[in-house]
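Residues per chain are reported as follows:
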Amino acid sequence: MYLQKRNRILRKSAAVRSLVAETTLNPGDFMAPLFIDEGENISTPILSMPGYYRNSLDLTIKEVKELSSMGIRSILLFVKAKDEVKDNTGKEAWNPDGLMQRSIRAIKDAVPDIVVMTDVALDPYSIYGHDGIVENGEILNDETVEALVKMSLSHAEAGVDFVAPSDMMDGRIYAIRKAFEENGFTRTGILSYSAKYASCFYGPFRDALDSAPGFGDKKTYQMDPANRKEALKEALADVEEGADIVMVKPAMAYLDIIREVKNAVNVPVSAYHVSGEYAMIKAAVQMGWLDENKAILESLTSIKRAGADLIATYFAKQAVELLD
């Protein structure tokens, strides 16, 4: 039998496959999300995210040092606010001595080279668990943007490298960029959650921060999973308004959106491998249905292959260990 083309030649060994691989993972691809709690020497397991923890700041700093030593260059910070500081204004979010602000300063002092990104949204500080100020059951847009600007400025003053608005309010990127320019924070970046879908895959994350909505859902501000063109409109608008990086969230269920956004914008594209996607793999592994190591690398490779330049993933540490 004569074949002019034998495609299997390029698959015949691990060395050859590695030589011609179109997509490769490296530690610099990953952003590690970290959950921070008040107190000292506290590590609370997140039951719906096996193997993941919410740590006090002292333990978080130790974790950041280890992540940095492994070659991971960026972290994404989330804090758990105490119930007594929650209200409907979000004012704790811009407290200069708040947990987030103290965490930024402490981490940048301990590990200056790590790129610190911070969540900007009101849900951890809201008595309603929503990403904005609530009035008569409605999440207000413009009043929320004003609060997000205050929050972003407080993070910039603390020394953050990038703020990461995850709220999906209209016009917040322009407002934050304008505030940064007017207040001299011309080196502080914005990673915008540009295409954040109203997904069912966020459940374990809300367990981690006790930030589930107290009424209704988030479909009036997060995107409809049925829509594709809307993601492009949102991403392009955010770039126009001053976003330095755009994000698609979730990742694995929205690989097509990652590729569409990558083809449309001229800035780096990130994707969030979210808590539910993490939990599904962990649950299948616990049942003996999947090989964990293979599932981690195949999942992350698919996200990068789709077009993500940066991947926020709870598997960041494990992935680097596997790549080593």
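Before reading further, recall that the structure is shown in the block above.
Residues numbered from 1 in each chain as written. Predicted model: local features only at pLDDT ≥ 70, side-chain atom pairs only at ≥ 80, totals over all residues. Heavy atoms only, no water.

Caption draft 1: A look at unusual backbone geometry. With an omega of -5°, the peptide bond between Lys249 and Pro250 qualifies as cis. For Asn41, which is not glycine, the phi torsion reads 55° and is therefore positive. Along the chain, Asn41 turns up in the loop between β1 (30-37) and β2 (43-45). The phi torsion at Met168 lies on the positive side, around 70°, for a residue other than glycine. Along the chain, Met168 turns up in the loop between β8 (162-165) and α5 (172-182). Judged by its relative accessible area of 4%, Met168 falls in the buried class. (Helix = DSSP H or I, 4+ residues; strand = E, 2+ residues; numbered from the N terminus. Buried < 20%, exposed > 50% of the residue type's maximum accessible area, 1.4 Å probe, protein only.)

Caption draft 2: Here's a closer look at a nonpolar patch on the surface. Together, Ile9, Leu10, Leu19 and Val20 make up a nonpolar patch on the protein surface, roughly 410 Å² of accessible area in all. Summarising the element assignment, Ile9 is placed in the segment before α1 (14-20). For Ile9, a relative accessible area of 49% corresponds to the partly exposed category. (Patch = residues over 30% accessible without salt bridge, like charges linked within 9 Å, V, L, I, M, F, W, Y side chains within 5 Å. Areas by Shrake-Rupley, 256 points an atom, 1.4 Å probe, with all protein chains shown as cover. Salt bridge = Lys/Arg side-chain N within 4 Å of Asp/Glu carboxyl O.)

Caption draft 3: Looking closely at the side chain of Lys282. Its location among the elements puts Lys282 in helix α9 (residues 275-286). The exposure class assigned to Lys282 is buried, which follows from its relative accessible area of 12%. Here Lys282 is in contact with Pro50, Glu292, Phe315 and Gln318, once residues within four sequence places are set aside. (Contact = heavy atoms within 4.5 Å.)

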